[in-house]
Amino acid sequence: MATKDENQDETTRDGASAVLGDVVSSDTGERGEVSFDGAAPAQLGTEKYVQAAFFGAGVLVAYLTGKILGAIWNSLADWPAAVRAVPQLLSYAEDERGGVTMPLGLVVGIIAVVYTVRKPGVRQWADEVASELAKIHWPDRETVTNGALVVLIVTAFATVYVGLLDRLWGFVTNLIYGA
């Protein structure tokens, strides 16, 4: 049986216990397996969304930086004055340059994410946005499906109606003005 201090240490590890697949019962202090039935671990809360957003932003920054560096390198390689000044620009073929620029973009993306995560203002803003989004009542699957069906049916009806009106007015116009 674990003491109260040991239980306190195990349950306040910032969700590390649940991420690893076991959870500490607050009543008994015993370990048990987490059943992942679609519910998110309560210990992470909105933190997982903030981390996912920073990860996504880092991937985007890395990709864009790699592509921009590749475009700059290709432009410089096509410029004769730059090639005379730096002949190493032609040491890689054009299709091989991505193998150099993408890792550089990855480094820039990692640095950008670490820099922004460490800024308290950005981190607080991201946490506030995630907590506000957590308050939203998102519709269930049935509601979304029913809404989508209504939109599709009304759109099809409106398309047929406007098409029939177009044919009718085209017919009337041909009667009045002749073909």
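My aim in this report is to walk through the structure given alongside it, one point at a time. Quick caveat, the model's predicted, so the values are computed rather than measured.

A look at the overall build of the protein chain
In terms of helices and strands, the protein chain carries seven helices and two strands. Tracing the protein chain from N to C terminus, the helices and strands come up as α-α-β-β-α-α-α-α-α. Looking at the protein chain residue by residue over its 179 residues, the buried ones come to 15%. Counting only carbon and sulfur atoms, one obtains 66% of the accessible surface of the protein chain, whose full area is about 14000 Å².

Structural notes on the packing of helix H3 (residues 47–78) against helix H6 (residues 120–134)
Here H3 crosses H6 at 125°, and the two axes come no closer than 9 Å. In terms of their interaxial angle, H3 and H6 are classed as oblique. The element H3 and its partner H6 pack so that their crossing is right-handed. Within the contact between the two elements, H3 uses Glu 47, Val 50 and Phe 54 and H6 uses Val 122, Arg 123, Ala 126, Asp 127 and Ala 130. When grouped by side-chain class, the residues that make up the contact of H3 with H6 number five nonpolar, no polar and three charged.

Some points on the layout of surface pockets
Estimates place the volume of the largest pocket at around 160 Å³. Along its surface, the largest pocket is lined by Tyr 49, Val 50, Ala 53, Phe 54, Ala 57, Val 122, Trp 125, Ala 126, Val 129, Ala 130 and Leu 133. Elements with a minimum of two residues in the lining of the largest pocket: H3 and H6. For the lining of the largest pocket, the element with the most residues is H6, which contributes six residues. Residues that form the lining of the largest pocket fall into these classes: eleven nonpolar, no polar and no charged.

Calculation notes
- Residues numbered from 1 in each chain as written.
- Predicted model: local features only at pLDDT ≥ 70, side-chain atom pairs only at ≥ 80, totals over all residues.
- Heavy atoms only, no water.
- Helix = DSSP H or I, 4+ residues; strand = E, 2+ residues; numbered from the N terminus.
- Buried < 20%, exposed > 50% of the residue type's maximum accessible area, 1.4 Å probe, protein only.
- Areas by Shrake-Rupley, 256 points an atom, 1.4 Å probe, with all protein chains shown as cover.
- Axes fitted to C-alpha atoms, helices over the stretch in contact; angles between N-to-C directions.
- Parallel < 35°, antiparallel > 145°, perpendicular 65-115°, else oblique.
- Left-handed = near helix turned anticlockwise from the far one by under 90°.
- Contact = heavy atoms within 4.5 Å.
- Nonpolar A, V, L, I, M, F, W, Y, C, P; charged D, E, K, R; others polar.
- 1 Å grid on protein atoms, 1.4 Å probe; cavity = no way out; pocket = protein on both sides within 12 Å on 5 of 7 lines; lining within 4 Å.
- Points joined across faces, edges and corners; volume = space filled by probe spheres on them.

These figures capture arrangement, not role.
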